[in-house]
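Below, each chain spelled out in residue letters.
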Amino acid sequence: MSIIAVTDSEFEAKVMNASGPVLVDFWAEWCGPCKQLGPILDQMSGEMGDALTIAKVNIDENPEAPTRYGVRSIPTMLLFKDGEVAAMKVGLCSKSDLESWVKENS
């Protein structure tokens, strides 16, 4: 499955109402660590297929969702399960750490 871009207006439909776990990456174009995280998420998306949806929310263009979930630093990743936040991870991490975090919490 490919990574999907999600706007504030689509957040409920694409994240809250999704079947299966959704990893939401809150990011910005100017954020260096966010850019480093991008290829890791691309790899995970290809490897995990339909088992995990990966969504990206640009915080500059979509301020409502990050505010609602208390995002204060980027990159911040929230893992949603059945429409609820199951876990939060802040900052850049390795692919193996991110995969372990997803498996532990989904």
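Parameters at a glance
Residues numbered from 1 in each chain as written. Predicted model: local features only at pLDDT ≥ 70, side-chain atom pairs only at ≥ 80, totals over all residues. Heavy atoms only, no water. UniProt positions renumbered as here; feature names shortened; annotations may be inferred. Helix = DSSP H or I, 4+ residues; strand = E, 2+ residues; numbered from the N terminus. Buried < 20%, exposed > 50% of the residue type's maximum accessible area, 1.4 Å probe, protein only. Contact = heavy atoms within 4.5 Å. Core = buried A, V, L, I, M, F, W, Y, C linked by side-chain atoms within 4.5 Å. Pairing = 2+ DSSP bridges. Axes fitted to C-alpha atoms, helices over the stretch in contact; angles between N-to-C directions. Parallel < 35°, antiparallel > 145°, perpendicular 65-115°, else oblique. Left-handed = near helix turned anticlockwise from the far one by under 90°. Nonpolar A, V, L, I, M, F, W, Y, C, P; charged D, E, K, R; others polar. Arc of directions from axis to C-beta.

J.: I'm lost on the UniProt feature "active site" (unreviewed entry) in the protein in this one. Help?
T.: Cross-referencing UniProt, the feature "active site" (unreviewed entry) maps to Cys31 and Cys34 in the present numbering. Position of cysteine 31 among the secondary structure elements: in the loop between strand 2 (22-27) and helix 2 (32-48). Under the relative-accessibility criterion, cysteine 31 is labelled buried at 4%. Residues within four places of cysteine 31 in sequence aside, it is in contact with Ile74 and Pro75. When you line up the elements, cysteine 34 lands in helix 2. Contacts of cysteine 34, omitting those with residues within four sequence positions, involve Trp27, Ala28, Ile74 and Pro75.

J.: Would you take a moment to explain the nonpolar core for this structure?
T.: Nonpolar side chains tend to gather and get buried jointly when the protein is soluble and globular. Formed by 18 residues in total, the largest nonpolar core has its most connected members in Phe11, Val15, Val24, Phe26, Ile74 and Phe80. Only helix 1 (11-16), strand 2, strand 3 (53-58) and strand 4 (76-81) provide two or more residues apiece to this core. Residue contributions to this core peak at four residues, all from strand 2. What valine 24 contacts, discounting residues up to four positions off in sequence, is Phe11, Val15, Ala55, Val57, Thr76, Met77, Leu78 and Phe80. Membership of the second largest hydrophobic core comes to 14 residues, among which are Leu23, Leu37, Ile54 and Leu98.

J.: Is there a simple way to think about the pairing of strand 4 in this case?
T.: Each regular strand shows side chains that alternate between the opposite faces of the sheet. Burial within strand 4 is extensive, with five of its six residues counted as buried. Bridge count for strand 2 against strand 4 is five bridges, and the pairing is antiparallel. By the bridge assignment for strand 4, valine 22 is matched with phenylalanine 80. Bridging between strand 4 and strand 5 (residues 84-90) involves six bridges; their strand directions are antiparallel. In the sheet register, leucine 78 faces strand 5, and the bridge partner there is methionine 88. What sits between the antiparallel neighbours strand 4 and strand 5 is a turn of two residues, in which aspartate 82 has the positive phi angle 55°.

J.: How should I be thinking about the packing of helix 2 against helix 4 (residues 95-105) in this particular structure?
T.: Helix-helix packing is characterised by the crossing angle of the two axes and by the distance between the axes. Contact geometry for helix 2 and helix 4: axes closest at 10 Å, N-to-C directions at 50°. Relative to helix 4, the element helix 2 lies oblique. Note that helix 2 runs across helix 4; the crossing there is right-handed. Where helix 2 approaches helix 4, its residues Leu37, Ile40, Leu41, Gln43, Met44, Glu47 and Met48 are matched on the opposing element by Lys95, Leu98, Glu99 and Val102. Of the residues belonging to the contact of helix 2 with helix 4, the class tally is seven nonpolar, one polar and three charged.

J.: What's the story with helix 4 in this structure? I'm lost.
T.: Count 3.6 residues to each turn of an α-helix, and residues three or four apart come out pointing the same way. What helix 4 keeps buried is the set Leu98, Glu99, Trp101 and Val102. The buried side chains of helix 4 occupy one side of the element, clustering within an arc of 160° when seen end-on. Turned more than 90 degrees off the buried face of helix 4, the exposed positions are Lys103 and Glu104. If you follow the buried residues of helix 4, they end up packed against strand 2, helix 2, strand 4 and strand 5.

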